[in-house]
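If you want the building blocks of each chain, they are given just below.
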Amino acid sequence: MLRLWYGGTFDPVHQGHLAIARAAADLFGVPVDLVPAADPPHRAPPGANAHHRARMLDVAAAGDPRLRVDRRELQRSGPSWTVDTLRELRALHGEEAPLALLLGADSFRSLPQWHQWRRILPLAHLVVASRGDEPVDQDLPPDLAAEVEGRWCDSPVALSDAPAGRVFALHQPLRPESASAVRAAIAAGDARWRELVPPAVAGYILHHGLYGTGGVDAT
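Visitor: Mind laying out helix H8 (residues 199-208), listing which residues take part and the relevant values?
Guide: Among the residues of H8, those classed as buried are Val201, Ala202, Tyr204, Ile205 and Leu206. Of the surrounding elements, those touching the buried residues of H8 are helix H2 (50-61) and helix H7 (179-187). One or two steps after H8, the chain reaches glycine 209, where phi turns positive at roughly 65°.

Below is the structure:
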């Protein structure tokens, strides 16, 4: 059975993240493990610490059997390199188990900037979530285009038939949410940020005063 992981900072988790995870879970018929990064090395420090980001994933995933939270990157010291997580998963599940990494189109295009990025496809398949009608293989960096040439497949079953190395485009409607938009709306005092996250996540943010919301006394 294919195992599917979705890593990220989730700062905070929003409806767009969950739509991607649920679309993948429904298509492949397996739960998706949400893996919060402890120390994302390619970006500025998160607005919320790892504990809060993981707890927001807990409340977002609660009651949905398609979603699970995997804290393995929070239990390691040092940067949260995706290749290290995949090595750990490969060692845990064996060389022949089909493993896949779910990521958005923007993250996919930035893959050549990742640590030891060429070692990722030998460890796992990639499931790339599109941005609306935009092809996920459009305007790829030359190194990435060369790396994934001949690896594309259009059948979900194909990912279960091999342990790693294939790339699948997950088509879904364009979503307006982004973590940066949520944080910017909060900073601007725009209450519409609550529409971009699950109600339970909005409640958690307000209760704990995350991103400058003011805590339990916020109105």
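Having seen it, we continue.
Visitor: Can you explain the nonpolar core? Please cite residues and give values.
Guide: Ranked by internal contacts, the top residues of the largest apolar core, which has 42 residues, are Leu4, Val32, Met56, Leu102, Val127 and Trp193. When residues of this core are assigned to their parent elements, the largest contribution, 6 residues, is made by helix H1 (residues 15-28). Dropping the residues within four chain positions of it, valine 32 is found in contact with Leu4, Tyr6, Ala21, Ala24, Ala25, Arg66, Leu67, Arg68 and Leu102. Formed by 26 residues, the second largest nonpolar core is a distinct cluster that contains Val83, Ala105, Leu140 and Val148.

Visitor: Which residues make up the packing of H2 against H8, and what are the values?
Guide: It is at 8 Å that the axes of H2 and H8 come closest, and there the two elements cross at 145°. Of the two possible hands of crossing, H2 and H8 adopt the one that is right-handed. Taken together, the residues of H8 that come into contact with H2 (itself represented by His51, His52, Arg55, Met56, Val59 and Ala60) are Ala200, Val201, Tyr204, Ile205 and His208. For the contact of H2 with H8, the per-class residue count stands at 7 nonpolar, 3 polar and 1 charged.

Visitor: So what's going on with the pairing of strand S5 (residues 125-129)? Residues and values would help.
Guide: With 5 of 5 residues buried, S5 is to be regarded as a mostly interior element. Alternating residues of S5 divide into His125, Val127 and Ala129 and Leu126 and Val128, and every residue in both groups is buried. Both strand S4 (residues 99-104) and S5 contribute to a ladder of 5 bridges, which runs parallel. Residue pairing across strands places leucine 101 opposite leucine 126, the latter belonging to S5. Here 4 bridges tie S5 to strand S7 (residues 167-170), and the two strands are oriented parallel to one another. Note on S7: the bridge partner recorded for valine 128 is alanine 169.

Visitor: Which residues make up the sheet that holds S5, and what values do they have?
Guide: The 7 strands are arranged S3-S2-S1-S4-S5-S7-S6 in an open sheet whose pairing can be described as parallel. Where the open sheet ends on each side, the last strands, each with one partner, are strand S3 (67-69) and strand S6 (152-153). Here S6 runs beside S7; their pairing, made up of 2 bridges, is parallel. Within S7, the position partnered with tryptophan 152 by the bridge is valine 167. Packed on one face of the sheet, H1 meets strand S1 (3-8), strand S2 (32-36), S3, S4, S5 and S7 and runs near 115° to S7. Of the strands in this sheet, S1 and S4 are in contact with helix H3 (residues 82-93), which crosses S4 at around 155°.

Visitor: An account of unusual backbone geometry is needed here, citing residue identities and associated values.
Guide: The peptide bond linking aspartate 11 to proline 12 adopts the cis configuration, its omega dihedral lying at 0°. Along the chain, the position of proline 12 falls in the loop between S1 and H1. The phi dihedral of phenylalanine 10 is positive, around 50°, even though this residue is not glycine. Here phenylalanine 10 shows up in the loop between S1 and H1.

Visitor: Explain the pattern of salt bridges to me, and be specific about the residues and the numbers.
Guide: Per the counting criterion, the structure on display carries 17 salt bridges. Across the pair arginine 183 and aspartate 11 runs a salt bridge whose closest N-O atoms are separated by 3.8 Å. A residue pair is termed long-range when its members are at least 10 positions apart, and arginine 183 in helix H7 and aspartate 11 in the loop between S1 and H1 qualify at 172 residues. For the salt bridge of aspartate 70 with arginine 72, the shortest nitrogen-to-oxygen distance reads 2.8 Å. Residue class for aspartate 70 comes out buried when judged on its relative accessible area of 9%. Given a relative accessible area of 15%, arginine 72 falls into the buried group. A single salt-bridge network, built from bridges that share partners, covers Arg22, Asp26, Asp64 and Arg66.

What counts, and at which threshold
Residues numbered from 1 in each chain as written. Predicted model: local features only at pLDDT ≥ 70, side-chain atom pairs only at ≥ 80, totals over all residues. Heavy atoms only, no water. Buried < 20%, exposed > 50% of the residue type's maximum accessible area, 1.4 Å probe, protein only. Helix = DSSP H or I, 4+ residues; strand = E, 2+ residues; numbered from the N terminus. Contact = heavy atoms within 4.5 Å. Core = buried A, V, L, I, M, F, W, Y, C linked by side-chain atoms within 4.5 Å. Axes fitted to C-alpha atoms, helices over the stretch in contact; angles between N-to-C directions. Left-handed = near helix turned anticlockwise from the far one by under 90°. Nonpolar A, V, L, I, M, F, W, Y, C, P; charged D, E, K, R; others polar. Pairing = 2+ DSSP bridges. Salt bridge = Lys/Arg side-chain N within 4 Å of Asp/Glu carboxyl O.

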